[in-house]
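Report on the structure
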Amino acid sequence: MNAQAQSITVKGVITSEDDNLPIPGVSVLVQGTNTGTISDFDGNFSVKAKMGAVLQFSYLGMTEKFVTVKSAEMKVAMASSLEDLEEVVVVGYGAVKKKEVTGAVAQVKAEQIEEFVTSDLASALQGQVSGVSVTASSGEPGESASIQIRGVTSLIGSNEPLYVVDGIAQQGNPNISPNEIETIDILKDAASAAVYGTEGAGGVILITTKQGKEGKMSVSFNTSYGVQTLREGIRLMDSKETLFFNITQVDNGASIFDPGPTRVPEWLNNNNKFDDYVLVNGASTSRHTLNVSGGAKGFSYNATVNYFDQDGTLINSGTKRIDGRASTSYKSDNWRINTSVGFTTERRQRSSNGLISNALRYSPLYPLVEPAEDVIYSTGNTGDGGVRTPLEILAQALKRKNEGTRDRINASLSISRDLAQGLSFTSTIGTAITDEYTDIFSPQYSIVFLNGDPTETDPLKSIVQASSTRSTTLSTDATLRYKKRFGDHNFGAQATFAVKEETYKGFLGSKNGVLDNSVETLDGGSINPVASSFDKFKSTQLGVLGRITYDYKGKYLLSALVRRDGSAKFSPNNQWATFPSITLGWNVSDEGFWSPLKRTINNFKIRAGRGTVGNNRFNNYAYQGTVRNNSNYIFDENDTELSFGSAVYNYANANVQWETKTESNIGFDMGFFRNKISLSVDFYDSRNKDMLFPVRVPGSAGAYDGAGNVNTILNVGNMTNKGFEIAAKYKTKIGKSNFNTNFTFTRNSNKITSTAGQSLIFNTGSRINSNDLTVFAEGYEAGAFWLYETNGAINTEDRLAEYQKLKLDAQMGDIEVVDYNKDGKIDVNDRHYTGSGLPDFEIGWNFQWRYKGFDLGMNWFASVGSEIINGNKIEAYTRGRHRDLLNMWSADNPTSSIPILRDFGTDNYQTNYDYWVESGDYLRLKLITLGYSLPKDLVQKIGLTNLRMFVSSQNPITITNYSGYDPEIGGNVVRRGIDASRYPLSALYTLGVNVKF
């Protein structure tokens, strides 16, 4: 008894069972006490303990061990948990252990995205994976962020990755709720993505939904509620400042119109505010999720239902969404059967297009607009000081309703059968069906003129419109796998046959002349009935895949595959293409010569690969010429009859073929101190060829697309993407707390190398006020800004005299446009490269800390090197609304560099000036969460397994010099970085509870 109670000094050494090497940094704790120590670099430890006490040995990457004290000396051998290297990674038509991965593949687990309160999976991935760039194209509820993997992959086709859910390829973003997801595996390099051949150019995102686990039923319920706020946006003048600005214009000859209140004294009492018309303060967001899972031997199930409700921060916007998924899994000696059925039903309200720009142009002196009223007021039908046009534009934007529903079903069935030793057969079939219905309603309204002019009601300004679309994807594949081991040699072979069919169709109907604003259906319109169809297509794709794998002792790895695809999108002569890839890996740390280093660097693998992928995700029937109706013309001599006509819409090109991308990748993975620190680095060089480019042809050739852009699509473009990526993780235990953090760094350099002899291709899709702002140009990134350089306002007589040599009618206070090419004139040749919306690099930093019942998490993200064209600022300047104009050049303010706004006669504020370009750099705290879980003994008394309460905030801090609402400006290739009436991102502050039964 006395001997057992006596404390002794216990000494020992801790080694690994795998290689008998000592383990430094192991936590040694006397169980039930606060007494403990840490093993030194040689694995030695010393701690005071009583005979019979239990020592607890803990180290990340090793299985926790408990040893009873029976003597003063002991040897402890710990087993590796192999939790990292034994993880299974999905690689397309199969899965491998992480140690066997030879390509650039990353995995995101459920716990990394579940804390985000969002209906959009993509936004939760931002900063989580190196090489994956995520930008919000809009902050509107229900909108999806844009994902680019390793840069721009197509100029006129899709740049989005291919989404595969439970083995079934999708048609676009599947919009799966983050609550349904177990893991996300991302194939970044072409060698890995080549398994999907023609669809892999943009990378591949493989989503595995949650599966149940054997054991008793588990029920969890999560609920949260939050409110949203916006950053300060465009600085606008109030009524007093506007009056001062108008007087300054008149005094300096910049306007011939008297300030409004001098003609309409009642306006002096008005002070309309942009925020009151457009913004919704404290818009709410709520989410509620119920999950049930469990199973018995050989069978498991999982069911999730989620309700998401988000009000918009702009009027007439918001989304309500219910989604759910049920999955089952059955396993026996030779059979494996997995099923998954998911659904989504969503109701959305969308704000009017151009709402921000239409509202900010409206003077605070103008009459008040009530969105709910059927009447708006103006001073008179003529001579009203220019109020009528902005008044009606604002009224229409505020009154317009855009409401839609979207129903989606996603289902899959996978059956596997072991045929013989090492031989198995797997077949998968699945479908995704999306139905969308949209109602647009602009009510009838009347303009009442306060001067007694007759009230006016224009039936053409009211409209009711309904549209419906349906898209379907049906796919199936069959795979035969064979694995065989010969001594230290492991061989694998796989053959896969895949078929996919996609369809799309839709129609639209509309009428003008709404008779009763309470009837928001097509029957409520009275004139101009229109019925038309959207695109209708059926696209079929066939694929045959062969893959072999080999490794020797797990040290030397080889994976090679060839996929041959056929697509109905191309002419019969170009429907088939072949996409090969090969990857190699060397687990250097398994070599004998690495043993002396293994205590420090326990894992070191070198990877290299090269692969070719294709891109067929562009418009169907691109190889055919198309003819469109309603190209009507007047042939009547008296110009009284309109003849129905048709016109060639685009030219046929039977030679159109696959866009292809060939990429080389080399990288390495390292693990330090039993994977306490892990590091992955990749370098890549991607070359796109045969890219589809719009090639301008003369209008006299006869085609007409309705917008004056006569192009034909040819495979003539080449482009490169080069970059490197770093992903680092660190995890440790500090006393009773667990700490882990990860860091990502992404740098990509994009360059167009060939444009078929066209020095510049101006992108009509980048227009603001009829000016194209971005180009495709050799030697520059896709969507580069191509603008005039400016030098502020002319504010000295010497500058004016010099500039009048270039522009004879220049005046004091006008903007100075730089003669960039020094040819003595200002013309289109002076436009040049002024940046782009693509960043130089992106950084992500995520942090998690747990101590007893507390948990704290943060996600930071930074984007550096992009530029933004501030389109909202352009609108505010040109409409005389921006507060900066209070300091514009005038006779009383002769040193100002801000050009004066003239109502006529000058081009001081053209949209294609670099005056509007701002830095897009920003650092953002994307998410911060603080939670507390009640002690288990307490929650068990009330019949629960876990009870956690938390507070969180998304986007609460954004550090940037950008003067607009938000610097994260996504969009397609030609408009990325152009902030024109874009729905801004908001910050969200949330309270929530997680309950598990």
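Residues numbered from 1 in each chain as written. Predicted model: local features only at pLDDT ≥ 70, side-chain atom pairs only at ≥ 80, totals over all residues. Heavy atoms only, no water.

Labelled according to an unreviewed UniProt entry, the chain appears under the name TonB-dependent receptor, originating from Postechiella marina. Within the UniProt record for the chain, the comment given under Subcellular location (unreviewed entry) is "Cell outer membrane". Regarding the chain, the UniProt comment filed under Sequence similarities (unreviewed entry) reads as follows: "Belongs to the TonB-dependent receptor family." (UniProt positions renumbered as here; feature names shortened; annotations may be inferred.)

1. Digging into the UniProt feature "domain: TonB-dependent receptor plug" (unreviewed entry) in the chain
Here, the residues flagged by UniProt with the feature "domain: TonB-dependent receptor plug" (unreviewed entry) are residues 97–204. Secondary structure within residues 97–204 divides into 8% helix and 26% strand; the distance between the first and last C-alpha atoms comes to 18 Å. (Helix = DSSP H or I, 4+ residues; strand = E, 2+ residues; numbered from the N terminus.)

2. Focus: empty space enclosed by the protein
Scanning all chains against the criterion turns up ten cavities of 30 Å³ or more. Roughly 430 Å³ of internal volume is contained in the largest cavity. Lining the largest cavity are 30 residues, and of these T118, S123, Q954, N955 and L985 lie nearest its centre. Those elements giving two or more residues to the lining of the largest cavity turn out to be α2 (121–125), β19 (299–311), β49 (922–933) and β50 (946–960). Class assignment for the residues of the lining of the largest cavity results in ten nonpolar, 14 polar and six charged. Volume-wise, the second largest cavity comes out at about 150 Å³. Contributing to the lining of the second largest cavity are 17 residues, with Y93, A169, S475, A498 and K500 lying nearest its centre. When residues of the lining of the second largest cavity are traced back to their parent elements, those giving at least two are β14 (168–169), β26 (463–486), β27 (489–512) and β29 (537–552). (1 Å grid on protein atoms, 1.4 Å probe; cavity = no way out; pocket = protein on both sides within 12 Å on 5 of 7 lines; lining within 4 Å. Points joined across faces, edges and corners; volume = space filled by probe spheres on them. Nonpolar A, V, L, I, M, F, W, Y, C, P; charged D, E, K, R; others polar.)

3. A closer look at unusual backbone geometry
We note that N316 has phi near 55°; this positive angle belongs to a residue other than glycine. Here N316 is to be found in the loop between β19 and β20 (318–331). In the Ramachandran plot, S981 falls in the positive-phi region, its phi being about 55° despite a non-glycine side chain.

4. Some thoughts on the sheet that holds strand β2 (residues 27–30)
Read across the sheet, four strands follow the order β3-β2-β5-β6 without closing on themselves; strand pairing throughout is antiparallel. Of all the strands in the sheet, the pair left with one neighbour each is β3 (36–38) and β6 (65–68). When the angles between neighbouring strand axes are averaged without regard to direction, this sheet yields 20°. (Pairing = 2+ DSSP bridges. Axes fitted to C-alpha atoms, helices over the stretch in contact; angles between N-to-C directions.)

5. Some details on the side chain of R607
On the secondary structure map, R607 appears in strand β32 (residues 601–615). With relative accessibility at 3%, the residue R607 sits in the buried group. From its side chain, R607 meets the backbone oxygen of G103 in a polar contact 3.3 Å long. A polar contact of 2.9 Å, which involves the side chain of R607, links it to the side chain of D669. Not counting the four nearest positions on each side in its chain, R607 is found in contact with V101, T102, G103, A104, L584, N665, I666, G667, F668, D669, V681 and D682. (Buried < 20%, exposed > 50% of the residue type's maximum accessible area, 1.4 Å probe, protein only. Polar contact = N/O pair within 3.5 Å; in protein donor to acceptor, adjacent residues only side chain to side chain. Contact = heavy atoms within 4.5 Å.)

6. Examining the nonpolar core
Generally speaking, nonpolar side chains in soluble globular proteins are found buried as a group. F274, V278, Y362 and V369 are the most contacted members of the largest nonpolar core, which totals 31 residues. When contributions to this core are tallied by element, the ones reaching two or more residues are α6 (274–278), α7 (355–360), α8 (388–399) and β25 (446–449). Broken down by element, the residue count for this core peaks at five residues, all from α8. Other than its neighbours up to four places away in sequence, V369 contacts Y277, Y362, I376, L391, L394, A395 and L398. Counting 30 residues, the second-largest nonpolar core is a separate cluster that includes Y788, A810, I815 and L901. (Core = buried A, V, L, I, M, F, W, Y, C linked by side-chain atoms within 4.5 Å.)

7. Let's talk about the environment of S890
Residue position: S890 is located in the loop between α10 (871–878) and β48 (917–919). For the pair S890 and G566, spaced 324 residues apart in the sequence, the C-alpha separation amounts to 67 Å. Dropping the residues within four chain positions of it, S890 is found in contact with T248 and N252.

8. Here's the deal with the sheet that holds strand β40 (residues 774–776)
Two pairing modes exist for strands in a sheet, parallel and antiparallel, and in both the strands are linked by backbone hydrogen bonds. One open sheet accounts for four strands, arranged β39-β40-β41-β44; its pairing is antiparallel. Among the strands making up the open sheet, the edge pair consists of β39 (761–762) and β44 (832–833).

9. With respect to the side chain of N750
Its place among the elements puts N750 in strand β38 (residues 737–755). Classification of N750 as buried rests on a relative accessible area of 8%. A distance of 3.1 Å separates the side chain of N750 from the side chain of N721, its partner in a polar contact. If we ignore the near neighbours within four places in the chain, the residues touching N750 are V152, M719, T720, N721, Y780, E781, A782 and L838.

10. Observations concerning the pairing of strand β1 (residues 7–16)
Judged from the seven bridges that link them, β1 and strand β4 (residues 44–50) form a sheet pairing that is antiparallel. Within β4, the position partnered with I8 by the bridge is A49.

11. Notes on the environment of R976
The topology assignment puts R976 in the loop between β50 and β51 (978–979). The exposure class of R976 is buried, given its relative accessible area of 7%. In the structure, R976 is positioned 108 residues away from I868 in sequence and 8.4 Å away in space, judged by C-alpha atoms. In this structure, R976 is in contact with S133, T135, Q148, F785, G837, L838, P839, E842, I969, G970 and G971, ignoring residues within four places of it in sequence. Polar side-chain contacts of R976 include one of 3.3 Å to the backbone oxygen of G837.

12. Some words on the packing of aromatic side chains
The final tally for this structure, using the stated rule, is 31 aromatic pairs. Note on Y877 and Y909: the rings are 5.1 Å apart at their centroids and 65° apart in plane angle, and the pair reads as edge-to-face. Of this pair, Y877 sits in helix α10 while Y909 sits in the loop between α10 and β48; the two residues are 32 residues apart in sequence, bridging distant segments of the chain. For the pair shown, Y877 and Y909 are each scored as buried. Measuring from ring centre to ring centre gives 5.6 Å for Y909 and W916, while their planes differ by 50°; the resulting arrangement is tilted. (Phe/Tyr/Trp six-rings, centres within 6.5 Å; stacked < 30°, edge-to-face > 60°.)

13. A look at α8
Given a rise of 1.5 Å per residue, twelve residues ought to cover 16 Å, and the 16 Å separating the end C-alpha atoms of α8 matches this to within 8%. Here α8 has its buried residues at R388, P390, L391, E392, L394, A395, A397, L398 and K399. (Expected span 1.5 Å × (residues − 1).)

14. A word on the environment of S158
As for its placement among the helices and strands, S158 is situated in the loop between β12 (146–149) and β13 (162–165). Spatially, the C-alpha atom of S158 lies 41 Å from that of L901, the residues being 743 residues apart in sequence. If near-sequence neighbours (up to four positions away) are discounted, S158 is found in contact with T153, N615 and R617.

15. Overview of the pairing of strand β11 (residues 132–135)
In β11, alternate side chains face the same way, and those of V132 and V134 on one face and S133 and T135 on the other are all buried. One ladder, built from four bridges, connects β11 with β12; its direction is antiparallel. Note on β12: the bridge partner recorded for V134 is I147.

16. Thoughts on a nonpolar patch on the surface
Nonpolar side chains collect at one region of the surface, where F221, L290, V305, I322, F343, I409 and F997 lie side by side and expose about 590 Å² of accessible area between them. Looking at where F997 falls in the secondary structure, it is placed in the segment after β52 (987–996). Judged by its relative accessible area of 46%, F997 is partly exposed. (Patch = residues over 30% accessible without salt bridge, like charges linked within 9 Å, V, L, I, M, F, W, Y side chains within 5 Å. Areas by Shrake-Rupley, 256 points an atom, 1.4 Å probe, with all protein chains shown as cover. Salt bridge = Lys/Arg side-chain N within 4 Å of Asp/Glu carboxyl O.)

17. Notes on helix α4 (residues 239–251)
An ideal rise of 1.5 Å per residue puts 18 Å on 13 residues; α4 measures up with 18 Å between its terminal C-alpha atoms. Residues S239, T242, F245, N246, T248 and Q249 constitute the buried set of α4. Capping of α4 at its N-terminal end is provided by D238; its side-chain oxygen lies 3.3 Å from the backbone amide nitrogen of K240. One or two steps after α4, the chain reaches G253, where phi turns positive at roughly 70°.

18. Brief notes about the pattern of salt bridges
Here the structure, examined in full by the defined rule, presents 38 salt bridges. As a salt-bridge pair, R150 and E663 come within 2.5 Å of each other at their nearest N and O atoms. Here R150, found in the loop between β12 and β13, pairs with E663, found in strand β35 (residues 659–672); they are 513 residues apart in sequence, far enough to count as distant. Residues R150 and E663 agree in their burial class; the two are buried. When the shortest N-O distance is used, the salt bridge between E725 and R150 registers 2.7 Å. Remark: R150 occurs in the loop between β12 and β13 and E725 occurs in strand β37 (residues 711–734); sequence separation between them is 575 residues. Taken together, the shared-partner salt bridges connect R150, K188, K661, E663 and E725 into one network.

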